[in-house]
Amino acid sequence: MAVRTFIEAIRTTLAQEMRRDPSIIVLGEDVGLKGGVFLATDGLQAEFGEARVIDTPLTESMIVGVSIGAAINGLRPVAEIQFADFIFPAFNQIQSQAARMRYRTNNAVGLPMVIRTPYGGGVHGALYHSQSVEAFFTHIPGIKVVVPSTPLDARGLLRSAIRDPDPVLFLEHKKLYRSVRGEVPDTDYVTPLGSAAITRAGTQVTVIAYGLMAHHALEAAARVAEEGISVEVIDLRTLRPLDTETVLNSVRKTGKCLIAYEDNRFGGYGAEIAALVAEEVFDYLDAPVTRIAGPDVPGVPYSHVLEDWFMVNPDKIAAGIRKLAAY
Amino acid sequence: MDVSANQPGDLAAPGEPGARWLGVAASAGLTRDDLLGLYRVMALGRALDERMWILNRSGRVAFVISGQGHEGAQAGITWALRPGEDWLAPYYRSITAVLRMGLTPREILLGSYARADDPSSGGRQMPNHYGHIGRKILSVSSPVASQVLHAVGIALAAKLRGTGEVVVTSTGEGSSNQGDVHEALNFAAIHRLPFVYVVENNGYAISVPSARELPVDDVAARAAAFGIPGVIVRGTDVVGCYVAAREAVRRARAGEGPTLIEAKVERLTAHSSDDQQTRYRSEEEIAAHRALDPLPAFRGQLRAAGVLTAEAEAAMAAEIGEAVEDATRFAEAAADPTLESASSWVFAEDWPGERPPAWGDGTGRD
């Protein structure tokens, strides 16, 4: 079994899927000859040609809108938005068009398309290369939102996303691209969408996370374990559709729930998890549902001092766990 | 700017000796059957559109957005397409164009009544948001010009898959200002896609006249920025619209890339059933625009050329009248969507795990 970085898992899976299915195309800014600014599409144009790996103009709405049309007419586009921070010119095409096409045509038209985009901070990317955008899109019925945290899931979830009959937003935390390695089987496995993973079993506190935070949650859980606190960690993997049963079953067991997310706290994705837990398993709770999240400033500042202040890290999560455990 | 397609129209004013006009039509490849077919779809579009207003004003349907005044451009341009084989990404004024591409009067009124069997959306969208994927008519949405990029994507797939399909989309001139239009023309021109962009310029973006929405007289001038032909036609000149579209479709099919066709048309109604156009247009101006109605103009040309006899005209009017009556009866009697269907088709499969608990779903049920 090969050990691969996260970005290698993305790149090799794209190539494997394009070999398997000639209807798959890749389009985005710099995805061709350069192979993408993070090299996620490196080598694809050389292997599959300019017709299937398309360098687009700097027009994000076009990247998504043309993908919608191509999906209508028999292709399976995998679009890349160079940074998640730049996705907003395409918001209308995602929210009003891609997400609504099946519903508004009463199931006459489905859109098998994927929008991949790097997101997240901690890489000195400042306000416009660090943003977590998931909450804008998880609010929208009709688009699936996927956030892998390991090379294994990056491959399995990307396969599922590409083969899915509906639009999928595939968020890749850019800090994981080269910092995380893991075993990735060369089999044709898939990781199903809508399925969370329990990445550490525990009994006293449930910590729910995704993306980079799934790693920080595990590190925090390991630290507090030395203090005798037993933490169960859930990596959501798919934010929508949400695997509610895995979340609720864990909180029924532990009675305490902490959600860690990197996005701004107010109205962030963790608020929906908190509401779900409060509505569905209130009788099991022994402590307030807690969020550890980014501060409510408009973006991640550049200075390393300020960026460290912004970012959720294992220390902050561990502090939250200790408070909950002591409650 | 290529305005050569205007020339047949200059010969085709009502009252001209018909033989010369018929010669122009014949040289464009239009037979008498084509000319009668063009007239029929225009007249049907008008009759169905007028029926929708009656149904709205009598309280039977809640909304109508109209294509009256646009029939000549829509019929002439779509006559260059192969229904069922080429694609149309219409907009909300495209009633005549979608009739030409295969949507039926019954299907259109099922949408006006928002019935379960409405093929455009199953009663989910507002009236006149046309669509029928089986006939390659793309679903209309209300955010204007968003479909232009979809049309270009369909054309990209047609090129990559080698299907030979041509894709036509249309918007108003107001919508032509949207960034998506410029992004679409840019990409389509770079890749020489089989794509035709039609601007139906009726001079108004709801209430705003074109002088307040365009710094140039003609949207077609913008084609130069993308290195593609920009052609101007008049909506009263049905044959001229066909000639321009035929050349655009030929270019598209031959791999020579997109064309922008600007059709100067009149908006003979308010923007929609919820608009009062006398707030921003004078009665005199509205009356003057009525004189540019393409339907009597084309009828006059056909009569003068001896193509449309009084008997044929009467027979066609009776047939269209019955089609409209039939569609009204059919849609009036059709069933509403069921409440059980309302949450279907968010995705291809249901995700019951996302449903709220029965006591907390906002319906007040226990």
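Residues numbered from 1 in each chain as written. Chains lettered and ligands numbered in written order. Predicted model: local features only at pLDDT ≥ 70, side-chain atom pairs only at ≥ 80, totals over all residues. Heavy atoms only, no water.

1. Things to note about the domain arrangement of chain A
Residues and elements named next belong to chain A.
Move 1: In terms of domain boundaries, chain A breaks down into domain 1 (2–184) and domain 2 (197–326).
Move 2: Listed by partner, the interface residues are 31 residues for domain 1 and 23 residues for domain 2.
Move 3: Buried area between domain 1 and domain 2, both sides added, is near 2100 Å², and the carbon and sulfur share of it is 57%.
Move 4: Arg 237 serves as the salt-bridge partner of Asp 153, at 3.1 Å between the closest nitrogen and oxygen.
Move 5: Remark: the boundary between domain 1 and domain 2 carries 14 residue pairs in polar contact (both at pLDDT 80 or more).
Move 6: Only helix 6 (134–138), strand 6 (144–146) and helix 7 (151–163) provide two or more residues apiece to the side of domain 1 that touches domain 2.
Move 7: Of the residues assigned to the side of domain 1 that touches domain 2, the class counts are 15 nonpolar, 12 polar and 4 charged. (Domains from an automatic or database assignment. Contact = heavy atoms within 4.5 Å. Buried area = accessible area lost by both parts, 1.4 Å probe. Salt bridge = Lys/Arg side-chain N within 4 Å of Asp/Glu carboxyl O. Polar contact = N/O pair within 3.5 Å; in protein donor to acceptor, adjacent residues only side chain to side chain. Helix = DSSP H or I, 4+ residues; strand = E, 2+ residues; numbered from the N terminus. Nonpolar A, V, L, I, M, F, W, Y, C, P; charged D, E, K, R; others polar.)

2. Regarding the interface of chain A and chain B
Interfaces are frequently sized by the accessible area removed from exposure as the parts join.
Move 1: With 45 residues of chain A in contact, the opposing surface of chain B contributes 44 residues.
Move 2: Summed over both partners, the interface of chain A with chain B buries about 3700 Å², with 62% contributed by carbon and sulfur atoms.
Move 3: Across the chain A-chain B interface, the total number found is 1 salt bridge.
Move 4: Taken together, chain A and chain B are joined by 17 residue pairs in polar contact (both at pLDDT 80 or more).

3. Section: helix 10 (residues 244–254) of chain A
All names here are of chain A.
Move 1: Every buried residue belonging to helix 10 is among Thr 244, Thr 246, Val 247, Leu 248, Ser 250, Val 251 and Thr 254, and all of these are buried.
Move 2: Residues of helix 10 that are buried in the fold lie against strand 9 (197–200), strand 10 (205–209), strand 11 (231–235), strand 13 (257–264) and helix 11 (269–280).
Move 3: Gly 255 lies just past helix 10 and shows a positive phi near 80 degrees. (Buried < 20%, exposed > 50% of the residue type's maximum accessible area, 1.4 Å probe, protein only.)

4. Overview of the sheet that holds strand 3 (residues 53–55) of chain A
Residue and element names in this part refer to chain A.
Move 1: Within the open sheet, the 7 strands sit side by side as 3-2-4-5-7-6-12. Their pairing is mixed. Every interior strand has two partners, whereas the edge strands, strand 3 and strand 12 (238–240), have only one. Averaged over all adjacent pairs, the angle separating strand axes in this sheet is 20 degrees, with direction ignored.
Move 2: The pairing of strand 6 with strand 7 (residues 168–173) spans 3 bridges and is parallel. Note that in strand 7 the partner of Val 146 across the bridge is Phe 170.
Move 3: Contacts between helix 7 and the sheet are confined to strand 2 (24–28), strand 4 (76–80), strand 5 (114–119), strand 6, strand 7 and strand 12, with strand 7 contributing the most and set at about 160 degrees to the helix. (Pairing = 2+ DSSP bridges. Axes fitted to C-alpha atoms, helices over the stretch in contact; angles between N-to-C directions.)

5. Points about the nonpolar core
The nonpolar side chains of soluble globular proteins are, as a tendency, buried together.
Move 1: One finds Ile72(A), Leu111(A), Leu236(A), Ile273(A) and Phe195(B) to be the most contacted residues of the largest nonpolar core, which totals 86 residues.
Move 2: Those residues in contact with Leu236(A), other than ones at most four positions away along the chain, are Ser195(A), Ala196(A), Ile208(A), Ala209(A), Tyr210(A), Leu242(A), Val247(A), Tyr269(A) and Ile273(A).
Move 3: In terms of nonpolar packing, the next biggest core, distinct from the first, is built from 69 residues, Leu35(B), Met52(B), Trp79(B) and Ala245(B) among them. (Core = buried A, V, L, I, M, F, W, Y, C linked by side-chain atoms within 4.5 Å.)

6. Re the environment of Arg52(A)
Residue and element names in this part refer to chain A.
Move 1: Structurally, Arg 52 is set in the loop between helix 2 (44–48) and strand 3.
Move 2: Separated by 125 residues in sequence, Arg 52 and Tyr 177 have C-alpha atoms that sit 24 Å apart.
Move 3: Residues contacting Arg 52, with those up to four places away along its chain left out, are Met 18, Asp 21, Pro 22, Ile 24, Ile 25 and Val 26.
Move 4: A distance of 3.1 Å separates a polar atom in the side chain of Arg 52 from the backbone oxygen of Asp 21.
Move 5: A polar atom in the side chain of Arg 52 sits 3.0 Å from the backbone oxygen of Ile 24.

7. Description of the side chain of Ser250(A)
Residue and element names in this part refer to chain A.
Move 1: By the element assignment, Ser 250 lies in helix 10.
Move 2: Within the local environment of Ser 250, its side chain forms a polar contact with the side chain of Glu 232, the two groups lying 2.8 Å apart.
Move 3: The residues contacting Ser 250, other than those within four sequence positions of it, are Thr 206, Glu 232 and Ile 234.

8. Topic: the sheet that holds strand 11 of chain A
All names here are of chain A.
Move 1: The strand order across the open sheet built from 5 strands is 9-11-10-13-14, with neighbouring strands paired in mixed fashion. Single-partner strands in this sheet number two, and they are strand 9 and strand 14 (290–294). Averaged over neighbouring strand pairs, the angle between their axes works out to 25 degrees when direction is ignored.
Move 2: In this fold helix 13 (residues 314–326) packs onto strand 10, strand 11, strand 13 and strand 14, with an angle of close to 150 degrees to the strand it touches most, strand 13.

9. Digging into the side chain of Asp180(B)
Move 1: Relative to the elements of secondary structure, Asp180(B) occurs in helix 8 (residues 179–190).
Move 2: No salt bridge forms around the buried Asp180(B); measuring N to O, its nearest opposite-charge neighbour Arg104(A) is 11 Å away.
Move 3: With sequence-adjacent residues up to four places away left out, Asp180(B) is seen in contact with Ser61(A), Gln93(A), Ala145(B), Ser146(B) and Leu149(B). (Lys, Arg positive; Asp, Glu negative; His and termini not counted.)

10. A closer look at the packing of helix 3 (residues 32–57) of chain B against helix 6 (residues 105–112) of chain B
Residues and elements named next belong to chain B.
Move 1: In the contact formed by helix 3 and helix 6, the axes pass within 11 Å of each other and the chain directions differ by 25 degrees. Taken as axis vectors, helix 3 and helix 6 run roughly parallel relative to one another. Regarding helix 3 and helix 6, the two cross each other, and that crossing is right-handed. Judged by residue contacts, Leu 44, Leu 48, Arg 51, Met 52 and Leu 55 of helix 3 engage Pro 105, Ile 108, Leu 109 and Ser 112 from helix 6. (Parallel < 35°, antiparallel > 145°, perpendicular 65-115°, else oblique. Left-handed = near helix turned anticlockwise from the far one by under 90°.)

11. Observations regarding unusual backbone geometry
Move 1: Across the junction of Arg240(A) and Pro241(A), the peptide omega takes the value 0 degrees, indicating a cis bond.
Move 2: With respect to the helices and strands, Pro241(A) occurs in the loop between strand 12 and helix 10.
Move 3: At Arg192(B), a residue that is not glycine, the phi angle is positive and equals roughly 50 degrees.
Move 4: When you line up the elements, Arg192(B) lands in the loop between helix 8 and strand 3 (195–201).
Move 5: Not every positive phi belongs to a glycine, and Trp345(B) is a case in point at roughly 70 degrees.
Move 6: Structurally, Trp345(B) is set in the segment after helix 12 (310–333).

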